[in-house]
Amino acid sequence: MFDVKATKMNVHDTHRADDRHRALERVMQQHRLRPDSLIEILHAAQRQFGWLDRDVLGLIAARLRLPPSLVYGVAGFYHAFRLEPPGRHRCTVCTGTSCHLKGGSRLLQRLERHFGIACGATAPDGSLTLENVRCLGACGLAPLVMLDGEACPHASFGPVVERLATRRDGGDTSP
């Protein structure tokens, strides 16, 4: 018998998963199930699911008729692919040249120390993933931080920590 509580899924999660699987299947079909489209398909899967778990990687391997080890190897090789679930909130600090020169790298180091997690890691409670990106292409806004996909231009430590604390506590989510 399927135990909803044991899987931590509810009816809405199941429907959402089905929709995501259907969307991924459409993408694979658009690429005609060609193995040379693996990276594009992995990107699409990550957009749909937020990360690439073993089941999704296995599905892709089966549909493209590739060895699962090859699919996992490609996903694990490229930094763009996430093999662990991200936190409920994501803080991405730009460390490109302009942002670095205006303090982006120092800001990232301070955030790592403050939250006790390394760049690329997720807090043990799953509330926050801290990451960096080499360039967001908005150098005039340096240093730029993205909080849950929303830009925080000319970012500094205090306001970023305050916004993250509010988000983690379930308060206002505006940047």
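Let me sum up the structure you'll find in this document. Keep in mind it's a predicted model, so treat the numbers as computed, not measured. (Residues numbered from 1 in each chain as written. Predicted model: local features only at pLDDT ≥ 70, side-chain atom pairs only at ≥ 80, totals over all residues. Heavy atoms only, no water.)

What sets the pattern is the α-helix's 3.6 residues per turn: residues three or four places apart point alike. Every buried residue belonging to helix α5 (residues 68-77) is among V71, V74 and A75, and all of these are buried. One face of α5 carries all of its buried residues, which in axial projection span an arc of 95°. The exposed residues of α5 that point more than 90 degrees off its buried face are S69 and F77. On its buried face, α5 is in contact with α3 (38-49) and α4 (54-64). (Buried < 20%, exposed > 50% of the residue type's maximum accessible area, 1.4 Å probe, protein only. Helix = DSSP H or I, 4+ residues; strand = E, 2+ residues; numbered from the N terminus. Arc of directions from axis to C-beta. Contact = heavy atoms within 4.5 Å.)

Among the secondary structure elements, T92 is positioned in strand β1 (residues 89-94). Engagement of the side chain of T92 in a polar contact is seen with the side chain of E131, the distance being 2.8 Å. Excluding residues within four positions of it along the chain, T92 makes contact with E131, N132, V133, L144, V145 and M146. (Polar contact = N/O pair within 3.5 Å; in protein donor to acceptor, adjacent residues only side chain to side chain.)

Turning to the pairing of β1, a few remarks are in order. Along β1, five of the six residues are buried, which leaves the element largely enclosed by surrounding structure. Examined bridge by bridge, β1 and strand β2 (residues 128-133) share six bridges and lie parallel to one another. Bridged to C94 within β2 is V133. Note: β1 against strand β3 (residues 145-147), three bridges, orientation antiparallel. Paired with V93 across the two strands is V145, which belongs to β3. (Pairing = 2+ DSSP bridges.)

An order of β2-β1-β3-β4 is seen for the four strands of this open sheet, with the pairing classed as mixed. The strands lining the two open edges of the sheet, one partner per strand, are β2 and β4 (150-152). Taken pair by pair, the neighbouring strands of this sheet meet at an average axis angle of 25°, ignoring direction. Pairing between β3 and β4: three bridges, direction antiparallel. Following the sheet pairing, V145 is matched in β4 by C152. (Axes fitted to C-alpha atoms, helices over the stretch in contact; angles between N-to-C directions.)

Next up on the list: the packing of aromatic side chains. In total, this model carries two aromatic pairs according to the counting rule given. An angle of 85° between the planes, with centres 6.5 Å apart, marks the rings of Y78 and F81 as edge-to-face. On the basis of relative accessible area, F81 is assigned to the buried category, the value being 7%. Of the aromatic side chains, those joined through ring pairs into one cluster are F77, Y78 and F81. The residue whose ring lies beneath R110 is F157, and the NZ or CZ to ring-centre distance is 3.9 Å. (Phe/Tyr/Trp six-rings, centres within 6.5 Å; stacked < 30°, edge-to-face > 60°. Lys NZ or Arg CZ within 6 Å of the ring centre and 35° of its normal.)

The next point concerns α3. Its 12 residues give α3 an end-to-end C-alpha distance of 16 Å, which sits within 8% of 16 Å, the value for a rise of 1.5 Å per residue. All of the buried residues along α3 are L38, I41, L42, A44, A45, Q46 and F49. Directly after α3, the chain includes G50, whose backbone phi takes a positive value near 90°. (Expected span 1.5 Å × (residues − 1).)

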